[in-house]
Amino acid sequence: MIICAVEEVSSGYLKIMSGTGPFFIRTEYLSFLSPDSLKCLINYSLNNIIEPKEFLQEEEDDILNAKEALLAEKAALKSLARSEQCRFMLAQKLYEKNFSKAAVNKALDFLESKDFLNDMRFASSWIRTRAIAKAEGRKKLELELAARGIKRTCIKDVLDKYFSETSEIELCNKALSKLLRLKTPSDKLFNKLIQKGFSVKIVNTVISQSNL
């Protein structure tokens, strides 16, 4: 690859003029090539292109990988602009767009370092929406978050905080009320509530208090 010129658009963010056209990279995404070896080429203007420089294949691959990581970052930011995302599910979306694992990991590491991506924040938001909408218990919420790649320590912290503010008994009562509205046979209520993630103790308490 031949690079004709480099412009530093902002700190660590470079516009590279190559023989096939311009593109952008973050120097933070470079793994092999020293950022200084690119920054030394910074002398870009429309009327003053410096002596073209040709890079070795290993250096070229590093530059192109950094380019892909930045494109993955931009795609991730579009999803984050719409709603909170967890790292695991966002990575799956990027893989579906044919970004490599290396590019995805670099991009998501960067977004986490800037707090654009935060699994704890996602889990807190998701739980409040899900628990209220579906009236589910701790065990079900724990399984659902684990399926989204949230770490166990994060799940525990988020659930502990949520259920310190929210009564699981009340959620179970809401779930029971919905099952009764749907005319669920009384002999199936217990198992249905267990399937919704409530403990045996809570289910027995709620059913006994309902005088069914």
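Here, every reference points to the structure presented above.
All of these numbers come straight from a predicted model, not from anything done at the bench. (Residues numbered from 1 in each chain as written. Predicted model: local features only at pLDDT ≥ 70, side-chain atom pairs only at ≥ 80, totals over all residues. Heavy atoms only, no water.)

**Re the environment of Thr27**
Put simply, the test is: We count a stretch as a helix when DSSP gives it H or I for four or more residues in a row; a strand needs E for two or more, and each element gets its number in order from the N terminus. Think of it in three bands: residues with accessible area under 20% of the maximum for their type are buried, residues over 50% are exposed, and the middle band is partly exposed, with areas taken using a 1.4 Å probe on protein chains only.
Tracing the backbone through its elements, the reader meets Thr27 in the loop between strand 3 (21-26) and helix 1 (35-39). According to the relative accessible area criterion, Thr27 is buried, its value standing at 12%. Sequence separation of Thr27 and Cys40 is 13 residues, and the distance between their C-alpha atoms is 13 Å.

**A few points about the packing of aromatic side chains**
To be explicit about the condition: When two rings of Phe, Tyr or Trp (its six-membered ring) have centres within 6.5 Å they constitute a pair, described as stacked for plane angles under 30 degrees, edge-to-face for angles over 60, and tilted for the intermediate range.
The full count for this structure, using the stated rule, is three aromatic pairs. Centroid distance Tyr13 to Phe24: 5.7 Å. Interplanar angle 20°. Geometry classified as stacked. Taken together, the residues span a long stretch of sequence, with Tyr13 in strand 2 (residues 13-18) and Phe24 in strand 3 at a distance of 11 residues. Accessibility expressed as a relative area gives 31% for Phe24, which makes it partly exposed.

**Comments concerning helix 6 (residues 138-147)**
Residue pairs three or four apart in sequence face the same way in an α-helix, which turns once every 3.6 residues. Formally: As used here, the arc is the angular range of directions from the helix axis to the C-beta atoms.
Residues Leu141, Glu144 and Leu145 constitute the buried set of helix 6. Buried residues along helix 6 cover an arc of 95° about the axis, so they all sit on one side. Every exposed residue of helix 6 that faces more than 90 degrees away from the buried side is listed here: Lys139, Leu143 and Ala147. Positive backbone phi, at 80°, marks Gly149, one or two positions downstream of helix 6.

**Some words on the side chain of Glu168**
Formally: We score Asp and Glu as negative and Lys and Arg as positive, and we do not count His or the chain ends. Note on definitions: salt bridges are taken to be side-chain nitrogens of Lys or Arg within 4 Å of carboxyl oxygens of Asp or Glu. Throughout, a residue-residue contact means that at least one pair of heavy atoms, one from each residue, lies within 4.5 Å.
Tracing the chain through its elements places Glu168 in helix 8 (residues 168-181). One buried charge, Glu168, has no salt-bridge partner; the nearest side chain with opposite charge is Arg138, at 6.3 Å. Residues within four places of Glu168 in sequence aside, it is in contact with Gly137, Arg138, Phe163, Gly197, Phe198 and Ile202.

**Regarding the side chain of Asp119**
Mapping Asp119 onto the fold places it in helix 5 (residues 119-134). Within the buried set, Asp119 has no salt-bridge partner at all; the shortest N-O distance to an opposite charge, 6.8 Å, is to Arg87.

**A closer look at a positive patch on the surface**
As a reminder, the rule being used: Patch criteria: residues need more than 30% relative accessible area and no salt bridge. Like-charged residues are merged within 9 Å; nonpolar side chains of Val, Leu, Ile, Met, Phe, Trp and Tyr are merged within 5 Å. With residues, only the protein chains shown are counted as cover, and all accessible areas are computed by Shrake-Rupley using a 1.4 Å probe. To locate a charge, take NZ of a lysine, CZ of an arginine, CG of an aspartate or CD of a glutamate.
On the surface, Lys78, Arg82, Lys93 and Lys97 cluster together into a patch of positive charge. Inspection of the secondary structure assignment puts Lys78 in helix 2 (residues 57-82).

**Structural notes on the packing of helix 6 against helix 7 (residues 152-165)**
For clarity, the cut-off: Under this scheme, a helix contributes an axis fitted over its contacting stretch, all axes are lines through C-alpha atoms, and angles between N-to-C directions fall in the 0 to 180 degree range. Crossing handedness is defined as follows: a turn of the near helix away from the far one that is anticlockwise and smaller than a right angle gives a left-handed crossing, while the clockwise case is right-handed. Charged means Asp, Glu, Lys or Arg here, nonpolar means Ala, Val, Leu, Ile, Met, Phe, Trp, Tyr, Cys or Pro, and polar covers whatever is left, Gly included.
Where helix 6 contacts helix 7, the axes come no closer than 10 Å and their chain directions differ by 145°. Seen along the crossing, helix 6 lies across helix 7 with a hand that is right-handed. Where helix 6 approaches helix 7, its residues Arg138, Leu141, Glu142, Leu145 and Ala146 are matched on the opposing element by Arg152, Ile155, Lys156, Leu159, Asp160 and Phe163. Residues of the contact of helix 6 with helix 7, tallied by class, amount to six nonpolar, no polar and five charged.

**Structural notes on the packing of helix 3 (residues 87-96) against helix 4 (residues 101-113)**
Selection criterion: Every angle not falling under 35 degrees, over 145, or within 65 to 115 is termed oblique; those three ranges are roughly parallel, roughly antiparallel and roughly perpendicular.
Packing of helix 3 against helix 4 leaves a shortest axis separation of 10 Å and a crossing angle of 140°. Between helix 3 and helix 4, the angle is such that the two are oblique. The interaxial crossing formed by helix 3 with helix 4 has right-handed handedness. Residues Arg87, Leu90, Ala91, Leu94 and Tyr95 of helix 3 touch helix 4, and the partners they reach there are Lys101, Val104, Asn105, Leu108, Asp109 and Glu112. Tallied by class, residues from the contact of helix 3 with helix 4 come to six nonpolar, one polar and four charged.

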